[in-house]
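# Observations on the model geometry
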Amino acid sequence: MTVKTMQSAEVKELLEKVAGFDMSGGNERMKKIVHRVMHDIFQIVEDFDVTPEEFWSAVYYVGELGANGEAALLAPGLGMDRYLDIRQDAEDEEAGLAGGTPRTIEGPLYVAGAPISDSFARMDDGSSKEAEVVLVKGQVTDESGAPLAHAVVDIWHADTKGAYSYFDQSQSEYNLRRRITTDAEGRYAAQSIMPSGYGCPPEGSTQKLLNHLGRHGQRPAHIHYFVSKPGYKHLTTQINIAGDKYTYDDFAFATREELVVAASHVEQSETAGQHGVTGPITEVEFNVTLVATDKPELQERHNRPRALETGTA
């Protein structure tokens, strides 16, 4: 079809009315964003000759996505979370705040209010008898390498089936979720189990779209982190376990080379032994460098809906 309507006075007037440009009330920023979004959608319809059948299929897909709660899963799968990180990295560079441990995506499965412990915590509830026992450990420092005591290391990860507590009602409360304050040397440690990677629900909305793109919906084994301390930029990051099939092929685009961490099997762990954990264990060491800032807004995680979190973050 060669019909072109986007430059017509009728369409231009329609877009202005859709965005409320002819009305005095409302939010001016929202009006401009809606105008741009709808303009681009109209332009896509024109450029690709989108049929009514295709259009309404897309509309009902969006409704389905909301109904099954997968919007926050599709967003990282389409690179949106990674793009926001790229923008924040560029903003840090421009503001002279680049450096430290790299950020990467948060994901949609954080739960606020995990139990807090001093320097060491056991994260698992002991129910996974056959799981590989893991000691996650590390040190939090500033950019000069000085240890940061009393930093809060908030860790969460999936179980051996790739499921997260709270969202998976079969798991105990806050299973595989802990907050740990670092000791005088900036060190933290956690006994846990080796997480599994996971995939998007095979019959879900996200995988349905990925299938059309010829893409898989798999994530590698990974561990999520929030790390914070007053006077320093809040860090949102995660580590991917080296050797996983999808370590460098994460459908959510969260892998960064500096965040790929080896899992080392040891017969006796000195760090684990200090906390009464003996015998063979797998060590995963992740050291964190925080960047100093006097800007309060950078010392807190950004505000977004999170499970069991109320008000601003």
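A brief look at the structure comes next. Since the model is a prediction, treat every value here as computed from it, not as a measurement.

## So, the sheet that holds strand β1 (residues 116-118)
One open sheet holds the six strands; their spatial order is β1-β5-β4-β9-β10-β11, and the pairing between them is mixed. One side of each edge strand has no neighbouring strand; the edge strands of this open sheet are β1 and β11 (260-261). Both strand β4 (residues 152-157) and strand β9 (residues 222-228) contribute to a ladder of six bridges, which runs antiparallel. Across the sheet, Val152 pairs through a bridge with Ser228, a residue of β9.

## Let's talk about the environment of Gly138
Note that Gly138 resides in strand β3 (residues 133-141). Between the alpha carbons of Gly138 and Val288 there is a distance of 7.3 Å; along the sequence they are 150 residues apart. Ignoring anything within four residues of it in the chain, the contact list for Gly138 reads Gly186, Arg187, Tyr188, Glu285, Phe286 and Asn287.

## Side note on the packing of aromatic side chains
A complete count under the given rule lists nine aromatic pairs for this structure. Relative to Trp156, the ring of Tyr110 lies with its centre 4.7 Å away and its plane at 65 degrees, an arrangement referred to as edge-to-face. Of this pair, Tyr110 sits in the loop between α5 (80-95) and β1 while Trp156 is found in strand β4, placing the two residues 46 residues apart along the sequence. Across the pair, exposure class does not vary: Tyr110 and Trp156 are buried alike. With centroids separated by 5.1 Å and ring planes inclined at 85 degrees, the aromatic side chains of Tyr166 and Phe167 adopt a geometry described as edge-to-face. On the basis of relative accessible area, Phe167 is assigned to the partly exposed category, the value being 40%. An aromatic cluster of three or more residues is present, and its members are Phe55, Trp56 and Tyr60.

## Structural notes on the packing of helix α1 (residues 9-18) against helix α2 (residues 28-47)
When two helices pack together, their arrangement is given by the angle between their axes and by how far apart the axes lie. Put simply, α1 and α2 touch, their axes get as near as 9 Å, and they point 140 degrees apart. Crossing of α1 over α2 shows right-handed handedness. Between α1, through Val11, Leu14, Leu15, Glu16 and Val18, and α2, the contact on the second element is made entirely by His35, Met38, His39 and Phe42. Across the contact of α1 with α2, the residue classes break down as six nonpolar, two polar and one charged.

Reading guide: rules and limits
Residues numbered from 1 in each chain as written. Predicted model: local features only at pLDDT ≥ 70, side-chain atom pairs only at ≥ 80, totals over all residues. Heavy atoms only, no water. Pairing = 2+ DSSP bridges. Helix = DSSP H or I, 4+ residues; strand = E, 2+ residues; numbered from the N terminus. Contact = heavy atoms within 4.5 Å. Phe/Tyr/Trp six-rings, centres within 6.5 Å; stacked < 30°, edge-to-face > 60°. Buried < 20%, exposed > 50% of the residue type's maximum accessible area, 1.4 Å probe, protein only. Axes fitted to C-alpha atoms, helices over the stretch in contact; angles between N-to-C directions. Left-handed = near helix turned anticlockwise from the far one by under 90°. Nonpolar A, V, L, I, M, F, W, Y, C, P; charged D, E, K, R; others polar.

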